[in-house]
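As a plain string of letters, each chain reads:
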Amino acid sequence: MSGRFAVPPQTAPAGVAFRFIHGTQDPVIPAAFSSQGAQQLQALGADARADLLPGLAHGIDQRALALLARALDEAAPVSAAGPLPRRSAPQCAARRVDQ
């Protein structure tokens, strides 16, 4: 969920959606790495977004889980029987980085 590229990406894989979820108070890996990674991938034409969670340190909370569940729901394939049922997730106060 939080992390960084050891080497900035030079290409973006086709058909892959990148979702970075990172706490703004992470003392291990600064949240700026997720923002920068999303921006680098977007510049390469990728579907990339960074969600920064105010007050979250190096961990996972209910807001992060809700964002992860939403990202997985968005990426889930639609079967012949129709889309999978949506799970209700709590609203989160994520700051979106769409640059």
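The model shown is predicted, which means the values in this text are computed figures rather than measured ones.

A.B. asks: It is not clear to me how the side chain of H22 should be interpreted in this structure. Could you clarify?
C.D. replies: Mapped onto the elements, H22 comes out in strand β1 (residues 17–23). H22 gets classed as buried once you look at its relative accessible area, which sits at 1%. At 2.8 Å, the side chain of H22 forms a polar contact with the backbone oxygen of I29. Side chain to side chain, H22 and S34 meet in a polar contact 2.6 Å long.

A.B. asks: Any chance you could explain the pattern of salt bridges here in plain terms?
C.D. replies: Considering all chains together, one arrives at four salt bridges under this definition. Linking R19 and D47 is a salt bridge whose minimum nitrogen-to-oxygen distance equals 3.1 Å. Placement of R19 in strand β1 and of D47 in strand β2 (residues 47–53) is noted, with a sequence separation of 28 residues between them. For D47, a relative accessible area of 41% translates into the label partly exposed.

A.B. asks: I tried to follow the packing of aromatic side chains on my own but got confused; where do I start?
C.D. replies: Centre-to-centre distance and the angle between the planes together describe a pair of aromatic rings. Taken as a whole and judged by the stated rule, the model has one aromatic pair. Between F5 and F20, the aromatic rings sit 6.2 Å apart at their centres with planes inclined by 75°, giving edge-to-face as the arrangement. Residue F5 is found in the segment before β1, and its partner F20 is found in strand β1; the two are separated by 15 residues along the sequence. Taking the ring centre of F33 as reference, the NZ or CZ of R4 above it sits at 5.0 Å.

A.B. asks: So what exactly am I meant to see when it comes to the confidence of the model for the chain here?
C.D. replies: In low-pLDDT regions, the fine details of the predicted coordinates are not to be read closely. A residue-level look at the chain finds 76% of positions with pLDDT of 70 or above and a mean pLDDT of 83. Note that pLDDT drops below 50 for residues 89–94; the model gives that stretch eleven contacts with residues more than four away or on any other chain.

A.B. asks: Honestly, helix α1 (residues 32–43) in this entry has me stumped. Any pointers?
C.D. replies: Given 3.6 residues per turn, any residue in an α-helix points the same way as the ones three and four places further on. If you check α1, its first and last C-alpha atoms are 16 Å apart, about what twelve residues at 1.5 Å a residue would give, namely 16 Å. For α1, the full list of buried residues reads S34, S35, G37, A38 and L41. Buried residues of α1, seen end-on, are gathered within an arc of 165° and therefore sit on one face of the element. Positive phi appears at G45, one or two residues downstream of α1, with a value of about 95°.

A.B. asks: Quick question: what am I supposed to make of helix α2 (residues 62–75) here?
C.D. replies: Along its 14 residues, α2 runs 20 Å from first to last C-alpha, staying within 8% of the 20 Å computed at 1.5 Å per residue. Within α2, the full set of buried residues consists of A64, A66, L67, A69, A71 and D73.

A.B. asks: Explain the environment of P27 here, please?
C.D. replies: Position of P27 among the secondary structure elements: in the loop between β1 and α1. Look at P27 and you get exposed, because its relative accessible area is 67%. Once the C-alpha coordinates of P27 and H58 are considered, the two residues, 31 residues apart in sequence, prove to be 6.6 Å apart. Other than its neighbours up to four places away in sequence, P27 contacts A57 and H58.

About the thresholds
- Residues numbered from 1 in each chain as written.
- Predicted model: local features only at pLDDT ≥ 70, side-chain atom pairs only at ≥ 80, totals over all residues.
- Heavy atoms only, no water.
- Helix = DSSP H or I, 4+ residues; strand = E, 2+ residues; numbered from the N terminus.
- Buried < 20%, exposed > 50% of the residue type's maximum accessible area, 1.4 Å probe, protein only.
- Polar contact = N/O pair within 3.5 Å; in protein donor to acceptor, adjacent residues only side chain to side chain.
- Salt bridge = Lys/Arg side-chain N within 4 Å of Asp/Glu carboxyl O.
- Phe/Tyr/Trp six-rings, centres within 6.5 Å; stacked < 30°, edge-to-face > 60°.
- Lys NZ or Arg CZ within 6 Å of the ring centre and 35° of its normal.
- pLDDT = per-residue confidence, 0-100.
- Contact = heavy atoms within 4.5 Å.
- Expected span 1.5 Å × (residues − 1).
- Arc of directions from axis to C-beta.

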